[in-house]
Amino acid sequence: MHEESLIRSLLRQVEELAQQHHARAVDEIEVEVGPLSGVEPLLLQDAFERLKDEFSWPRAELSVLQVGLDVLCQSCQSESQLKDFRFVCHQCGSTSLKIIRGDAFRLLNVSMQVDDSFNGKPQATATQHSTDACGLPLNEQTSHP
Amino acid sequence: MPTTTIAVNQDVLAAKKQRAKEQRQLFTTQGTFVINLVSSPGAGKTSLLQATARYWQNRFRVGVLVGDLATDRDAGRLRPYVPVEQLTTGGACHLELSLVQQGLSRLPQQQYDFLFIENIGNLVCPASHDLGEHVRVVVLSTTEGDDKPGKYPKMFRTSQAMVISKSDLLPYVPFSVEAAIQDARLIQPDLVTILTSSTRDEGLQDWCQFLEDARKEMLASRDADAAEQLTASEKSVA
Ligand SMILES: Nc1nc2c(ncn2[C@@H]2O[C@H](COP(=O)(O)OP(=O)(O)OP(=O)(O)O)[C@@H](O)[C@H]2O)c(=O)[nH]1
Ligand SMILES: [Mg+2]
Ligand SMILES: [Zn+2]
């Protein structure tokens, strides 16, 4: 299972973020998974428990938010949540649907304790994390041209 | 000490996906069409590649990177036909871009028209990892059952084509080609489907035609993009 490699990627990102913010401790890491994330929440927790001793803040907790599979119809523009993996629009029957949520493993929030003197502000030189930092479409796992 | 919550809201694989996208652009520039072959263990990926090489008979320059948990067996089977490099994962259940890039540097440095990446036999984990390919092709053999697409939705959703392999065994197994296609298209309505037998060299014309057309399409859109950029730069000069 590839959950360990995903947790390693996650922890690397959290380490970086904590460093930028001069964190004294990381308390909680909140992630999102959905039906097409390719991640099993239980295996994810297991992998986290196994690997967190390698992490600078082994007392941090992982909280996993499970979301549904939300799609946007390319024909009628309506949004809906699929109850199974039948890609058919509930409104108009079109099969041309774009996934807008539920197909990725996302880092949502990181709660950390910060030093007063820095006021929780990142270093001036640090790269700011933001949604879509790479200019990537964050939905649909593979975007082939 | 104050506690603060930093909102990140980002795909954990975003940076890796970006690198895969850059690798894909590089392949496109080089004119190399890249296929990521995925399936459960033993569905017939290596056999399909052997049959493909036999069918093309050096009409195209083909290279293969083959993932293997521990052995060199698949690479050995392909070596009589094409340049091949083995990617040993040391037990990992899927290939990642970094392994592919290492393998690329070991392949004979020449022009390739097609590069096949044979992934680790696994219908789950490889679905999450973009290797910079142009198409992902899932191989489903007739001995696995026609109900598999719905059981591995992410793999079928992220594939552009499905090869139903071992068609020669259809008389002996309870497998409905129509049912498998129907099941897969509920998840991925645009899925291209091709029926093959590597032992009898059946369906290879359809399969190879699909690859040749897809490569032509990639080259045409690359050249159209380049022409558009040229016109834009001419306009800005004028
Ligand atoms: N009857 C029949 N057998 C096939 C066909 N293609 C492959 N096989 C057999 O199926 C077995 C597995 O084939 P491979 O080509 O090794 O499958 P693979 O997907 O590369 O296997 P892994 O790399 O181990 O996951 C071998 O014994 C092949 O001879 C086919 O078209 N018809
Ligand atoms: Mg093989
Ligand atoms: Zn609709």
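All of these numbers come straight from a predicted model, not from anything done at the bench. Every chain's residues receive numbers from 1 upward, in the order its sequence appears when written. For this description, chains carry letters from A and ligands carry numbers from 1, given in the order in which they are written. Local features in a predicted model are, by the rule used here, given only for residues with pLDDT of at least 70; side-chain atom pairs are given and counted only at 80 or more, and totals for whole chains, interfaces and linings are based on all residues. Where side-chain values are given, they derive from all heavy atoms of the structure, hydrogens and water being excluded.

K.L.:
I keep staring at the coordination of the zinc ion (ligand 3) and nothing clicks. Help me out?
P.N.:
Tetrahedral coordination by four donors places them ideally at 109.5 degrees to one another around the metal; octahedral coordination by six donors ideally gives 90 or 180 degrees. Residues and elements named next belong to chain A. Sodium, potassium and calcium take a 3.2 Å donor cutoff, other metals 2.8 Å, and in both cases only N, O and S atoms count; water is not among them, so sites may look incomplete. Taken together, Cys-73 (SG), Cys-76 (SG), Cys-89 (SG) and Cys-92 (SG) make up the full set of protein donors to the zinc ion (ligand 3), lying 2.3 to 2.4 Å away. When four donors show all angles between 85 and 135 degrees the site is tetrahedral, when four or six donors have opposite pairs over 155 degrees and all other angles between 65 and 115 it is square planar or octahedral respectively, and in every other case it is irregular. Viewed at the metal, the four donor atoms of the zinc ion (ligand 3) are separated by angles of 108 to 112°, and the geometry they form is tetrahedral. Positions of the donor residues of the zinc ion (ligand 3) along the chain correspond to the pattern C-x2-C-x12-C-x2-C. Exposure categories follow from relative accessible area, calculated using a 1.4 Å probe and restricted to protein chains: below 20% of the type maximum is buried, above 50% is exposed, and the middle band is partly exposed. You can call Cys-73 buried: its relative accessible area is 1%.

K.L.:
Would you explain the site of ligand 1 in this entry?
P.N.:
Residue and element names in this part refer to chain B. We call a residue near a molecule or strand when any one of its heavy atoms sits within 4 Å of it. As a structural note, the neighbourhood of ligand 1 is formed by 18 residues, with Lys-45, Thr-46, Ser-47, Arg-77 and Asp-168 the closest of them. Two N or O atoms count as a polar contact when they lie within 3.5 Å, although within protein this holds only if one can serve as hydrogen donor and the other as acceptor, and sequence-adjacent residues are included solely when both atoms are side-chain atoms. Between ligand 1 and Asp-74 there is a distance of 3.0 Å, counted from an oxygen atom to a side-chain nitrogen or oxygen. Protein contact buries 71% of the 650 Å² of open area that ligand 1 shows by itself. Take the shell around ligand 1: its biggest share by element is three residues, from helix α2 (residues 45–56). Here, Shrake-Rupley sampling with a 1.4 Å probe gives the accessible areas, and only protein chains in the shown set may cover a residue. A run of H or I in DSSP becomes a helix once it reaches four residues, and a run of E becomes a strand once it reaches two; helices and strands are each numbered from the N terminus.

K.L.:
Looking at this structure, I do not really get the packing of aromatic side chains. What am I missing?
P.N.:
Here a ring pair, both rings aromatic, is described through the centre-centre distance and the interplanar angle of the planes. In this analysis, rings of Phe, Tyr and Trp, with Trp reduced to its six-membered ring, are considered paired at centre separations within 6.5 Å, and the interplanar angle assigns stacked below 30 degrees, edge-to-face beyond 60, and tilted for intermediate values. According to the stated counting rule, one finds seven aromatic pairs over all chains in the structure shown. Aromatic side chains Phe-60 of chain B and Phe-114 of chain B sit 5.2 Å apart centroid to centroid with 90° between the ring planes, which places their arrangement in the edge-to-face category. Of this pair, Phe-60 of chain B sits in the loop between α2 and β3 (62–68) while Phe-114 of chain B sits in strand β5 (residues 114–118), and the two are 54 residues apart along the sequence. Accessibility classification places Phe-60 of chain B together with Phe-114 of chain B in one group, the buried group. An aromatic cluster is present here, built from Phe-33, Trp-56, Phe-60, Phe-114 and Phe-116 of chain B joined pairwise through their rings. Put simply, a charge is over a ring when the Lys NZ or the Arg CZ is close to the ring centre, within 6 Å, and near the line of the ring normal, within 35 degrees. One cation-aromatic arrangement involves Arg-157 of chain B over Phe-87 of chain A; the distance from NZ or CZ to the ring centre is 4.0 Å. Between Arg-215 of chain B and the ring centre of Phe-114 of chain B, over which it is positioned, the NZ or CZ distance is 5.8 Å.

K.L.:
What should I look at first to understand the domain arrangement of chain A in this one?
P.N.:
Residue and element names in this part refer to chain A. Each assigned domain of chain A is listed here: domain 1 (1–66 + 102–132) and domain 2 (68–101). Across the contact, six residues belong to domain 1 and six residues belong to domain 2. Accessible surface is computed with a 1.4 Å probe, and the buried area is the amount of it that two parts give up when combined, taken over both parts together. Summing the contributions of domain 1 and of domain 2, the shared interface buries around 540 Å²; its carbon and sulfur component is 67%. Taken as a group, Pro-35, Leu-36 and Gly-102 account for 64% of the area that domain 1 buries against domain 2, more than any other trio of residues on that side. Throughout this description, the term salt bridge denotes a Lys or Arg side-chain nitrogen within 4 Å of a carboxyl oxygen of Asp or Glu. Between the two partners, domain 1 and domain 2, sit one salt bridge. Among the ionic pairs, Arg-101 bridges to Glu-32, the shortest N-O distance being 3.0 Å. Remark: the boundary between domain 1 and domain 2 carries one residue pair in polar contact (both at pLDDT 80 or more). Residue composition of the side of domain 1 that touches domain 2, by class: three nonpolar, one polar and two charged. Where a domain begins and ends is set by an automatic assignment or by a domain database. Residue contacts follow a heavy-atom distance rule, with two residues in contact if any of their heavy atoms lie within 4.5 Å. Lys, Arg, Asp and Glu make up the charged group, whereas Ala, Val, Leu, Ile, Met, Phe, Trp, Tyr, Cys and Pro make up the nonpolar group; the residues left over, Gly among them, are polar.

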